[in-house]
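Structural overview for review
So you can see what is in the structure, the chains are spelled out below.
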Amino acid sequence: MNSLNQIILEGNVCRKPEKRVVGNGFRVCTIPLAVDRRYKNQEGKTTEEVSYFEIDAYGNLADACEKWCPTGRGIRVVGHLKQERWKSEDGKSKSKVKVIAEHVEFKFFNPKDKNDGPESAALGTPAPGKKQKLAKLAEAAAAAQKEQAEEEVVF
(Lines give C-alpha, C1' and ligand atoms only; values in the text may rest on other atoms or scores of the structure.)
Protein backbone atom coordinates (compact mmCIF):
# COMPACT_ATOMS: atom_id res chain seq x y z
CA MET A 1 0.00 0.00 0.00
CA ASN A 2 1.28 3.47 -0.87
CA SER A 3 1.70 5.94 1.94
CA LEU A 4 0.14 9.39 1.80
CA ASN A 5 1.74 12.35 3.53
CA GLN A 6 0.22 15.65 2.48
CA ILE A 7 -1.17 18.59 4.40
CA ILE A 8 -2.93 21.84 3.52
CA LEU A 9 -2.96 24.62 6.10
CA GLU A 10 -4.43 28.10 5.85
CA GLY A 11 -3.73 30.68 8.51
CA ASN A 12 -1.86 33.84 9.43
CA VAL A 13 1.84 34.43 9.95
CA CYS A 14 2.12 35.09 13.70
CA ARG A 15 5.79 36.24 13.93
CA LYS A 16 8.43 37.40 11.51
CA PRO A 17 9.81 34.42 9.55
CA GLU A 18 13.40 33.39 10.27
CA LYS A 19 15.72 32.62 7.38
CA ARG A 20 18.98 30.74 7.85
CA VAL A 21 21.59 28.98 5.75
CA VAL A 22 22.37 25.32 6.43
CA GLY A 23 24.79 22.79 4.98
CA ASN A 24 26.29 23.85 1.69
CA GLY A 25 24.58 27.24 1.51
CA PHE A 26 21.06 25.80 1.38
CA ARG A 27 18.46 28.40 2.45
CA VAL A 28 15.67 27.58 4.91
CA CYS A 29 12.90 29.94 6.04
CA THR A 30 10.80 28.99 9.08
CA ILE A 31 7.36 30.59 9.08
CA PRO A 32 5.32 30.51 12.31
CA LEU A 33 1.67 29.99 11.30
CA ALA A 34 -1.47 30.35 13.43
CA VAL A 35 -4.49 28.37 12.18
CA ASP A 36 -7.97 29.01 13.61
CA ARG A 37 -10.64 26.34 13.91
CA ARG A 38 -14.24 27.09 14.83
CA TYR A 39 -16.72 24.44 15.91
CA LYS A 40 -19.81 24.01 18.05
CA ASN A 41 -19.25 22.43 21.45
CA GLN A 42 -21.65 20.09 23.28
CA GLU A 43 -23.68 23.05 24.52
CA GLY A 44 -24.09 24.33 20.95
CA LYS A 45 -21.86 27.37 21.49
CA THR A 46 -19.35 28.30 18.83
CA THR A 47 -15.85 27.65 20.13
CA GLU A 48 -12.58 28.71 18.60
CA GLU A 49 -9.21 27.06 19.01
CA VAL A 50 -5.89 28.14 17.57
CA SER A 51 -3.12 25.76 16.55
CA TYR A 52 0.43 26.90 15.86
CA PHE A 53 2.68 25.27 13.26
CA GLU A 54 6.24 25.78 12.10
CA ILE A 55 6.46 25.76 8.32
CA ASP A 56 9.87 25.20 6.70
CA ALA A 57 10.39 26.44 3.14
CA TYR A 58 13.59 25.68 1.23
CA GLY A 59 15.62 27.28 -1.55
CA ASN A 60 13.91 29.89 -3.71
CA LEU A 61 10.63 29.32 -1.88
CA ALA A 62 12.45 30.30 1.34
CA ASP A 63 13.53 33.57 -0.30
CA ALA A 64 9.97 34.30 -1.45
CA CYS A 65 8.53 33.54 1.99
CA GLU A 66 11.04 35.77 3.73
CA LYS A 67 10.06 38.60 1.38
CA TRP A 68 6.27 38.06 1.19
CA CYS A 69 5.33 36.79 4.69
CA PRO A 70 5.18 39.73 7.10
CA THR A 71 3.47 39.21 10.45
CA GLY A 72 -0.30 39.04 10.01
CA ARG A 73 -0.34 37.96 6.37
CA GLY A 74 -2.66 35.11 5.45
CA ILE A 75 -1.09 32.21 3.57
CA ARG A 76 -2.12 28.77 2.34
CA VAL A 77 0.55 26.09 2.54
CA VAL A 78 0.57 22.77 0.71
CA GLY A 79 3.25 20.42 1.93
CA HIS A 80 4.07 17.29 3.87
CA LEU A 81 4.89 16.38 7.45
CA LYS A 82 8.39 15.49 8.57
CA GLN A 83 9.33 14.11 11.95
CA GLU A 84 12.67 15.24 13.33
CA ARG A 85 14.31 13.00 15.95
CA TRP A 86 17.28 13.70 18.22
CA LYS A 87 18.75 12.89 21.63
CA SER A 88 18.70 15.55 24.31
CA GLU A 89 21.75 16.36 26.42
CA ASP A 90 20.48 13.99 29.10
CA GLY A 91 20.21 11.14 26.54
CA LYS A 92 16.41 11.13 26.19
CA SER A 93 14.88 10.65 22.75
CA LYS A 94 13.02 13.71 21.48
CA SER A 95 10.96 14.35 18.38
CA LYS A 96 9.09 17.16 16.67
CA VAL A 97 6.78 17.20 13.64
CA LYS A 98 7.27 20.03 11.14
CA VAL A 99 5.45 21.01 7.97
CA ILE A 100 7.66 21.14 4.88
CA ALA A 101 6.22 23.61 2.36
CA GLU A 102 5.98 22.51 -1.25
CA HIS A 103 3.75 25.41 -2.37
CA VAL A 104 2.72 28.66 -0.68
CA GLU A 105 -0.11 30.97 -1.74
CA PHE A 106 0.00 34.52 -0.43
CA LYS A 107 -3.31 36.17 0.49
CA PHE A 108 -3.84 39.89 -0.05
CA PHE A 109 -2.23 41.90 2.75
CA ASN A 110 -2.29 45.63 3.43
CA PRO A 111 -0.49 46.48 6.67
CA LYS A 112 -2.37 49.30 8.36
CA ASP A 113 0.31 50.72 10.61
CA LYS A 114 3.42 48.66 9.96
CA ASN A 115 6.28 49.20 7.56
CA ASP A 116 7.64 45.66 7.63
CA GLY A 117 6.21 44.18 4.42
CA PRO A 118 6.74 44.69 0.70
CA GLU A 119 3.34 46.39 0.40
CA SER A 120 4.28 49.07 2.95
CA ALA A 121 4.73 51.55 0.10
CA ALA A 122 0.93 51.47 -0.27
CA LEU A 123 0.43 53.04 3.15
CA GLY A 124 -1.40 56.33 3.09
CA THR A 125 -3.09 55.57 -0.22
CA PRO A 126 -6.79 54.79 -0.60
CA ALA A 127 -7.86 51.20 -0.07
CA PRO A 128 -7.28 49.23 -3.27
CA GLY A 129 -10.23 48.13 -5.35
CA LYS A 130 -11.02 44.54 -6.24
CA LYS A 131 -9.02 44.68 -9.49
CA GLN A 132 -5.99 46.09 -7.69
CA LYS A 133 -6.20 43.40 -5.01
CA LEU A 134 -6.41 40.68 -7.67
CA ALA A 135 -3.48 42.21 -9.55
CA LYS A 136 -1.33 42.20 -6.37
CA LEU A 137 -2.32 38.60 -5.59
CA ALA A 138 -1.50 37.57 -9.15
CA GLU A 139 1.86 39.34 -8.96
CA ALA A 140 2.80 37.64 -5.68
CA ALA A 141 1.60 34.23 -6.92
CA ALA A 142 3.51 34.58 -10.20
CA ALA A 143 6.70 35.58 -8.37
CA ALA A 144 6.42 32.64 -5.97
CA GLN A 145 5.65 30.16 -8.77
CA LYS A 146 8.60 31.41 -10.81
CA GLU A 147 10.92 31.05 -7.84
CA GLN A 148 9.56 27.58 -7.03
CA ALA A 149 9.97 26.44 -10.65
CA GLU A 150 13.59 27.62 -10.76
CA GLU A 151 14.64 25.28 -7.99
CA GLU A 152 13.03 21.88 -7.51
CA VAL A 153 13.77 20.55 -4.02
CA VAL A 154 13.86 16.82 -3.25
CA PHE A 155 13.37 15.73 0.36
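Just so it is clear, the model here is predicted, and its values are computed rather than measured.

Within the secondary structure layout, Phe108 lies in the loop between strand 6 (93-106) and helix 2 (130-150). C-alpha of Phe108 to C-alpha of Gly74: the two residues are 34 residues apart in sequence and 7.4 Å apart in space.

Another aspect to go through is the state of the cysteines. By the definition in use, this model includes zero disulfides. As a non-bridged cysteine, Cys29 has Cys65 as the owner of its nearest cysteine sulfur, 5.7 Å distant. Here Cys29 falls in the buried class, since its relative accessible area comes to 0%. The closest cysteine sulfur to the non-disulfide-bonded Cys69 is located on Cys65, 4.4 Å from its own sulfur.

Now for the pattern of salt bridges. This structure, assessed with the given rule, holds 10 salt bridges. Among the salt bridges present, the one from Lys19 reaches Glu66, with a minimum N-O distance of 3.3 Å. Taken together, the residues span a long stretch of sequence, with Lys19 in strand 2 (residues 18-22) and Glu66 in helix 1 (residues 59-68) at a distance of 47 residues. Relative accessible area serves as the criterion here: at 33%, Lys19 is assigned to the partly exposed category. A relative accessible area of 42% means that Glu66 is categorised as partly exposed. Residue Arg76 pairs with Glu105 through a salt bridge whose shortest N-O separation is 3.1 Å. Of this pair, Arg76 sits in strand 5 (residues 74-87) while Glu105 sits in strand 6, and the two are 29 residues apart along the sequence. The class for Arg76 is partly exposed, based on a relative accessible area of 26%. Within the structure, one salt-bridge network assembled from shared partners comprises Lys19, Arg27, Asp63 and Glu66.

On to the side chain of His80. One can find His80 in strand 5. Take His80: its relative accessible area is 14%, and that puts it in the buried class. Separated by 2.6 Å, the side chains of His80 and Glu102 make a polar contact.

Procedures and definitions
Residues numbered from 1 in each chain as written. Predicted model: local features only at pLDDT ≥ 70, side-chain atom pairs only at ≥ 80, totals over all residues. Heavy atoms only, no water. Helix = DSSP H or I, 4+ residues; strand = E, 2+ residues; numbered from the N terminus. Disulfide = S-S within 2.5 Å. Buried < 20%, exposed > 50% of the residue type's maximum accessible area, 1.4 Å probe, protein only. Salt bridge = Lys/Arg side-chain N within 4 Å of Asp/Glu carboxyl O. Polar contact = N/O pair within 3.5 Å; in protein donor to acceptor, adjacent residues only side chain to side chain.

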